[in-house]
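# Fold and geometry: a report
The primary structure of each chain is shown beneath.
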Amino acid sequence: MFRRRARDERDFRQAQREALALRQLHAQEPWPSDTVQTQAPATYHGETVVPDFPPADLRAPSRHDVEGVMMRWMPPLVIDGEVHACPQCGTYRDWIVFNMNDDSVWLRCTAGHQVMEPRLDAAWFNRNCGPVDHWHPTLEDGLRHLGH
């Protein structure tokens, strides 16, 4: 009963020594990634092949490659607590919202009137738009796709 602590300490010290020996053994062995780096590169006298995944024709353009992004906004557009209406015709729903490369936001009503909205920004657009589902070569194609 009195020697239990000494026996536990002796077992603990033995386990520490074994763990230290195991760590030193692993420290001497090279890592598998080190052997790959030390091998001489294979020489290929032909054309250099660079993996290009995915292929260029399958990649979607980034937001910097296009002039802007558009989405359809069907309900009334409420900005700063008031319903926004078109200044020319007075319609207040079914907008096309554009986010341009310069982070400006433009609104287009169903009659085709466009106005820049300074109270909206790119952060608002990104919070409210869904994922981009189509890329269109012209503005008219995009408007036709969105029903305008």
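Because the structure is a prediction, the values reported are computed rather than measured. (Residues numbered from 1 in each chain as written. Predicted model: local features only at pLDDT ≥ 70, side-chain atom pairs only at ≥ 80, totals over all residues. Heavy atoms only, no water.)

### Structural notes on the confidence of the model for the chain
Counting all residues, the mean pLDDT for the chain is 81, and 81% of those residues have values of 70 or more. No element of the chain has a lower mean pLDDT than helix H2 (residues 32–38), which averages 56, and none a higher one than strand E3 (residues 82–83), which averages 94. (pLDDT = per-residue confidence, 0-100. Helix = DSSP H or I, 4+ residues; strand = E, 2+ residues; numbered from the N terminus.)

### Here's the deal with the nonpolar core
Grouped together as the largest cluster of nonpolar side chains are 15 residues, with contacts concentrated most on Leu 77, Trp 95, Val 97 and Trp 124. Elements supplying a minimum of two residues to this core: strand E1 (68–73), strand E4 (95–100), strand E5 (105–108) and helix H3 (122–128). Considering each element in turn, this core owes the most residues, 3 residues, to E1. Aside from chain neighbours lying at most four places away, what touches Trp 124 is Met 71, Trp 73, Leu 77 and Val 97. (Core = buried A, V, L, I, M, F, W, Y, C linked by side-chain atoms within 4.5 Å. Buried < 20%, exposed > 50% of the residue type's maximum accessible area, 1.4 Å probe, protein only. Contact = heavy atoms within 4.5 Å.)

### Let's talk about the sheet that holds E4
Across the sheet, 4 strands lie side by side as E1-E4-E5-E6; this open sheet has antiparallel pairing. In the strand order of this sheet, the two ends are held by E1 and strand E6 (114–116), each with one partner. Strand-to-strand twist of the sheet, defined as the mean angle between neighbouring strand axes without regard to direction, takes the value 25°. (Pairing = 2+ DSSP bridges. Axes fitted to C-alpha atoms, helices over the stretch in contact; angles between N-to-C directions.)

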